[in-house]
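Understanding the architecture of this molecule
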Amino acid sequence: MALIVADRVKETTNTTGTGAYTLGGATVGFGTFISSLSDGDTTYYAVTDDVFWEVGLATFTAPTTLVRTTILSSSNSGSAVNWGAGTKQIFITYPSEKAVYEDASGNVDVPNN
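An account of the accompanying structure is given in this report. (Residues numbered from 1 in each chain as written. Predicted model: local features only at pLDDT ≥ 70, side-chain atom pairs only at ≥ 80, totals over all residues. Heavy atoms only, no water.)

**What to know about the overall build of the protein chain**
Quick reminder of the rule: Going along the chain from the N terminus, every DSSP run of H or I of four or more residues is numbered as a helix, and every run of E of two or more is numbered as a strand. Throughout, radius of gyration means the C-alpha value; the globule benchmark is 2.2 Å times the number of residues raised to the power 0.38. A 1.4 Å probe rolled over the protein chains alone gives each residue an accessible area, and that area as a share of the maximum for its type sets the label: buried under 20%, exposed over 50%, partly exposed in between. The contact criterion used is simple: two residues touch if any of their non-hydrogen atoms lie within 4.5 Å.
The helix and strand tally for the protein chain stands at zero helices and seven strands. Computed over the C-alpha atoms, the radius of gyration of the protein chain is 15 Å, within 12% of the 13 Å expected from 2.2 N^0.38 for a compact globule of 113 residues. Principal-axis analysis of the C-alpha atoms gives the protein chain an extent of 45 × 30 × 25 Å. Looking at the protein chain residue by residue over its 113 residues, the buried ones come to 28%. Residue pairs at least 24 apart in sequence account for 53% of intrachain contacts in the protein chain once pairs closer than 6 positions are excluded.

Okay, here's the thing in structure tokens:
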């Protein structure tokens, strides 16, 4: 399917361990993953419990599962975070590692082009 990046998509998750995330519903004022993604789409995500964090690429399985595909960075030395109990915030993001931007001189560098 497609790689999707969307604005203002944020949900909660109570997922524990290092497996797929089960999405728990939108945070007030934000949309859900299913409102922006179709089954099989990939997206960049970030998740945090306000102590630990993880950023990566995931595959969406409708209606409420986000499967970790690639961990790009994390508070666990770049590996999947082994989550304990409790609520976390999970949202669509555009990771700096994947960003294309114009520098102060007006130049754009596209790595791996």
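After presenting the structure, the write-up continues.
**Looking at the environment of Thr15**
Along the chain, Thr15 turns up in the loop between β2 (10-13) and β3 (21-26). Thr15 sits in the buried class, given a relative accessible area of 9%. Note: C-alpha distance between Thr15 and Asp41 (26 residues apart in sequence) is 20 Å. Ignoring anything within four residues of it in the chain, the contact list for Thr15 reads Ala20, Tyr21, Thr22, Trp83, Gly84 and Lys88.

**Quick word on the nonpolar core**
Let me state the cut-off plainly: For our purposes a nonpolar core is just a set of buried Ala, Val, Leu, Ile, Met, Phe, Trp, Tyr and Cys residues, chained together by side-chain atoms within 4.5 Å.
With 15 residues, the main nonpolar core has Tyr21, Phe33, Tyr45, Val47, Phe60, Leu66 and Ile90 as its most contacted residues. Contributions of two or more residues to this core are made by β3, β4 (42-48), β5 (53-61) and β7 (88-92).

**A look at unusual backbone geometry**
Note the cis peptide between Ala62 and Pro63, where omega equals 5°. Within the fold, Pro63 resides in the loop between β5 and β6 (65-74). The backbone of Arg8 shows a phi angle near 55°, a positive value even though the residue is not glycine.

**Quick look at the packing of aromatic side chains**
Just so we agree on the cut-off: Ring geometry is summarised as follows: Phe, Tyr and Trp rings, the Trp one being its six-membered ring, pair when their centres sit within 6.5 Å, and such pairs are stacked at plane angles under 30 degrees, edge-to-face over 60 and tilted between the two. Two conditions define a charge sitting above a ring: the NZ of Lys or the CZ of Arg must be within 6 Å of the ring centre, and it must be within 35 degrees of the ring normal.
What the rule picks out here adds up to one aromatic pair. Its end group placed over the ring of Phe30, Arg8 keeps NZ or CZ at 4.2 Å from the ring centre. Above the plane of the ring of Phe30 lies Lys10, whose end atom (NZ or CZ) is 5.1 Å from the centre.

**A few points about the pairing of β6**
We count it as follows: The pairing criterion for strands is at least two bridges between them, as found by DSSP.
Here β3 pairs with β6 via two bridges, running antiparallel. Looking at the pairing, Tyr21 lines up with Leu66 of β6. The pairing of β5 with β6 spans eight bridges and is antiparallel. Paired with Thr59 across the bridge in β6 is Val67. Two successive antiparallel strands, β5 and β6, enclose a turn made up of three residues.

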